[in-house]
Amino acid sequence: MPYNEFETQAWQYFEIAKEKLAAGNKSEALSNFNMAYSIAQKNNMYGLMSQIDVYRREL
C-alpha cells in the first residue's frame, strides 16, 4: 500500500527545518526543507514552496 503524504506533513517538516536552522544545524535543516518541498510540490502548495525557496537560498 503506498504511503501518502499530505499538507500537514509538509508544514511539520517545514517547522522542524526552521527549528534545526535556528539551532545552527544546517544539514538537517536542508534535509527537512527538501522533504517539505517535495510533499508541498505533490500537493500543489505553491505558497509553502515559495517560503521554502527563500530559506534554501540562504543555505
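Residues numbered from 1 in each chain as written. Predicted model: local features only at pLDDT ≥ 70, side-chain atom pairs only at ≥ 80, totals over all residues. Heavy atoms only, no water.

Caption draft 1: Structural context of the packing of aromatic side chains. Considering all chains together, one arrives at 4 aromatic pairs under this definition. With a centroid separation of 5.1 Å and an interplanar angle of 20°, the aromatic rings of Phe33 and Tyr55 are classed as stacked. Remark: Tyr55 occurs in helix H3 (residues 46-58) and Phe33 occurs in helix H2 (residues 26-42); sequence separation between them is 22 residues. Taking relative accessible area as the criterion, Tyr55 reaches 25% and is therefore assigned partly exposed. Positioned above the aromatic ring of Tyr37, the side-chain terminus of Arg56 is 4.2 Å from the ring centre. (Phe/Tyr/Trp six-rings, centres within 6.5 Å; stacked < 30°, edge-to-face > 60°. Helix = DSSP H or I, 4+ residues; strand = E, 2+ residues; numbered from the N terminus. Buried < 20%, exposed > 50% of the residue type's maximum accessible area, 1.4 Å probe, protein only. Lys NZ or Arg CZ within 6 Å of the ring centre and 35° of its normal.)

Caption draft 2: Here's a closer look at the environment of Ala23. Mapped onto the secondary structure, Ala23 falls in the loop between helix H1 (7-22) and H2. By relative accessible area, Ala23 is classed as exposed at 67%. Considering only alpha carbons, one finds Ala23 and Tyr13, 10 residues apart in sequence, at a separation of 15 Å.

Caption draft 3: The arrangement of H3 in detail. Here H3 spans 19 Å end to end across 13 residues, near enough to the 18 Å set by a 1.5 Å rise per residue. Of all the residues in H3, the buried ones are Leu48, Met49 and Ile52. Burial along H3 is one-sided: seen end-on, the buried residues are contained in an arc of 95°. Turned more than 90 degrees away from the buried face of H3, the exposed residues are Tyr46, Arg57 and Glu58. Taken together, the buried residues of H3 touch H1 and H2. (Expected span 1.5 Å × (residues − 1). Arc of directions from axis to C-beta. Contact = heavy atoms within 4.5 Å.)

Caption draft 4: Here's a closer look at H2. Between its first and last C-alpha, H2 extends 24 Å over 17 residues, near the 24 Å set by a 1.5 Å rise per residue. Here H2 has its buried residues at Ala29, Asn32, Phe33, Ala36, Tyr37, Ile39 and Ala40. The buried residues of H2 occupy one face: seen down the axis, they fall within an arc of 165°. Pointing more than 90 degrees away from the buried face of H2 are the exposed residues Ser27 and Lys42. Once H2 finishes, Asn44 follows within two positions and takes phi at roughly 55°, a positive value.

Geometric descriptors of this kind do not, in isolation, establish any biological role.
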